[in-house]
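What follows is the residue order along each chain.
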Amino acid sequence: MQTYAKKKLEFVVETALMPRLVRLVEEQGAKGFTVVPTQAGESVDGAWQRDDIAPALGAQMLIVVVDPAVADPILEAAYALLADYRAQIFVSDVEVLRQDRF
Amino acid sequence: MTLLETAAANLLSPAILAFALGLLAGLARSDLSVPEAMGKAMAIYLMFAIGLKGGVAVSESEPGLTMVLAVLLGLALGFGLPLLAFQLLRRQARLDVVSAAAVAAHYGSISVVTFVTAEQFAASQGLAYEGYLVAVMALMETPAIVVGLWLASRFGAEAGVPAKRLGGELLREIFLNGSVVLLVGAFVIGLLVGRSGAEPVAPLFDGLFKGVLCLFLLDMGLLAAARLRGARLLTWRVVAFGLYMPPLAAAIGLAGAAAIGLSQGGALLVAVLAASASYIAVPAAMRLALPKANPGLYVPLSLAVTFPFNVAIGIPLYATLAAWLYGGAA
């Protein structure tokens with residue numbers, strides 16, 4: 001079956017920042033996105049836990065698949081936005097079946 | 001009633017015992033947990049119930065000068081306490097400017113659950129209070145956030161992301177955060193519908209209140225234990241601040257409440273508002289506005305040090321102080 005090369009960007013960021021990050025990827029041309037909750041984790045910046053009544057320690061993950069030409073502007077803008085915050089950013093090559101959706 | 005008797009009456013209430021159970025279970029690493037959605041639902045319930053109750057109470061009273069003065073007192077505490085906390089955090093706790101500003105914002109703001117617990121304690125002691133204090137509580141949620149951000153930008157060259165870059169998002173976070181909207185909204189509903197209008201929903205919001213508070217405090221105990229276990233940034237100086245700032249703020253609140261002529265029960269609740277520290281609205285705003293301040297410092301301090309202190313020891317202590325100030329029994 002015919003597949004098409006795309007970039008998958010994954011961001012693990014603080015919950016409070018997620019609305020701004022979602023807006024950013026949409027402004028930069030992403031046609032869709034998925035936000036998933038996280039249970040717990042740890043990075044060089046420290047540990048996080050699931051969001052509870054005190055939301056400041058939680059993190060969420062944003063998954064977005066875009067055309068390679070759109071990936072760079074998103075990453076540059078996201079890098080600037082997240083400079084002062086705890087965040088992890090992953091970039092990977094993926095194949096999709098329905099090109100027009102991404 | 002002596003301080004000891006008042007403290008014992010508080011400690012042996014089901015709600016405080018439920019908190020202790022959660023705390024001990026958490027510290028012992030039991031697998032006991034309250035589902036996240038249930039915790040949030042109970043928080044919504046408690047805030048709506050207390051807002052509604054305050055609104056209904058105000059609908060039955062005449063607005064007067066004391067009400068206006070209480071609002072002004074709440075605002076003065078909201079703006080003033082962070083300034084005091086900031087100085088203490090810089091000098092005594094030796095925190096850097098940004099961390100001190102972030103923590104100060106928490107101690108200028110309020111904890112609804114501490115207020116609710118104190119309200120139940122006041123009721124158990126037969127102390128009436130002014131219903132509009134619920135509205136004062138909602139007003140006190142946000143000024144400290146503004147003061148905290150001002151302190152960080154005024155005194156810190158490296159104050160993280162300036163508030164102006166966050167624009168409307170931060171303003172919305174500050175002024176329209178869920179707890180403020182819920183408290184004010186439920187208060188207005190109570191004010192509009194009055195006692196008879198609230199009667200049909202009373203079985204839910206009055207009848208179940210104490211039971212839900214018990215379960216919520218059980219969850220808070222578990223959360224406090226989890227925060228305490230992960231609290232590597234809490235030095236003894238910072239912990240000391242988390243323990244002496246509440247009585248200090250409470251004393252200021254009590255003096256102000258007595259000066260404007262609030263009732264003894266009202267003075268107790270103002271003291272509790274002054275003494276309590278936020279762990280919901282302020283942490284979220286601080287993460288957006290002051291990313292260089294570590295939430296591993298201010299969340300455990302507020303949730304795992306000051307909150308347990310206030311609900312277990314602080315409330316009866318402030319009640320005893322109020323009784324002494326008003327020349328009556330606690």
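Right, let's walk through the structure included here.

Calculation notes
- Residues numbered from 1 in each chain as written.
- Chains lettered and ligands numbered in written order.
- Predicted model: local features only at pLDDT ≥ 70, side-chain atom pairs only at ≥ 80, totals over all residues.
- Heavy atoms only, no water.
- Helix = DSSP H or I, 4+ residues; strand = E, 2+ residues; numbered from the N terminus.
- Buried < 20%, exposed > 50% of the residue type's maximum accessible area, 1.4 Å probe, protein only.
- Contact = heavy atoms within 4.5 Å.
- Areas by Shrake-Rupley, 256 points an atom, 1.4 Å probe, with all protein chains shown as cover.
- Lys, Arg positive; Asp, Glu negative; His and termini not counted.
- Charge placed at Lys NZ, Arg CZ, Asp CG, Glu CD.
- Expected span 1.5 Å × (residues − 1).
- Patch = residues over 30% accessible without salt bridge, like charges linked within 9 Å, V, L, I, M, F, W, Y side chains within 5 Å.
- Salt bridge = Lys/Arg side-chain N within 4 Å of Asp/Glu carboxyl O.
- Polar contact = N/O pair within 3.5 Å; in protein donor to acceptor, adjacent residues only side chain to side chain.
- Pairing = 2+ DSSP bridges.

**Points about the overall build of chain B**
Argument step 1. Along chain B, the regular secondary structure elements total 16 helices and zero strands.
Argument step 2. Here the C-alpha coordinates of chain B stretch approximately 55 × 45 × 40 Å along the principal axes.
Argument step 3. Out of the 330 residues belonging to chain B, those deemed buried represent 58%.
Argument step 4. Taking the contacts inside chain B whose residues are at least 6 apart along the sequence as the reference set, 90% of them involve residues at least 24 apart.
Argument step 5. Summed over its atoms, the accessible surface of chain B is roughly 12900 Å², and 69% of this surface lies on carbon and sulfur atoms.
Argument step 6. Within chain B, one finds 18 positive and 15 negative side-chain charges whose respective centroids are separated by 16 Å.

**Examining helix α12 (residues 209-229) of chain B**
Argument step 1. Its 21 residues give α12 of chain B an end-to-end C-alpha distance of 30 Å, which sits within 8% of 30 Å, the value for a rise of 1.5 Å per residue.
Argument step 2. α12 of chain B sits mainly inside the fold: 15 of its 21 residues count as buried.

**Let's talk about a nonpolar patch on the surface**
Residues and elements named next belong to chain B.
Argument step 1. Taken together, the side chains of Phe79, Val146, Leu171, Phe175, Leu176 and Val181 define a hydrophobic patch exposed on the protein surface, amounting to about 560 Å² of accessible area.
Argument step 2. On the secondary structure map, leucine 171 appears in helix α9 (residues 163-175).
Argument step 3. The class of leucine 171 is partly exposed, set by a relative accessible area of 48%.

**Section: the pattern of salt bridges**
Argument step 1. Across all of its chains, the model carries nine salt bridges over all chains by this definition.
Argument step 2. The salt bridge involving aspartate 84 of chain A is made with lysine 292 of chain B; its shortest N-O contact spans 3.9 Å. Here lysine 292 of chain B lies in the loop between α15 (281-289) and α16 (295-326) and aspartate 84 of chain A lies in the loop between α2 (68-82) and β6 (87-96), a pairing that spans two chains.
Argument step 3. When salt bridges that share partners are traced, they join Glu14 and Arg86 of chain A together with Arg287 of chain B into one network.

**As for the side chain of threonine 306 of chain B**
Residue and element names in this part refer to chain B.
Argument step 1. Within the secondary structure, threonine 306 sits in helix α16.
Argument step 2. At 2.5 Å, the side chain of threonine 306 forms a polar contact with the side chain of tyrosine 107.
Argument step 3. Of note is the side chain of threonine 306, whose polar atom sits 2.8 Å from the backbone oxygen of glycine 242.
Argument step 4. Look past the residues within four positions of threonine 306 in its chain and what remains in contact with it is Tyr107, Gly242, Pro246, Ala275, Ala277 and Leu301.

**Remarks on the pairing of strand β4 (residues 46-49) of chain A**
Residue and element names in this part refer to chain A.
Argument step 1. As paired elements, strand β3 (residues 40-43) and β4 share four bridges and run antiparallel to each other. The partner of serine 43 across the bridge, within β4, is glycine 46.
Argument step 2. The antiparallel pairing of β3 with β4 creates a hairpin that spans two residues between the two strands.

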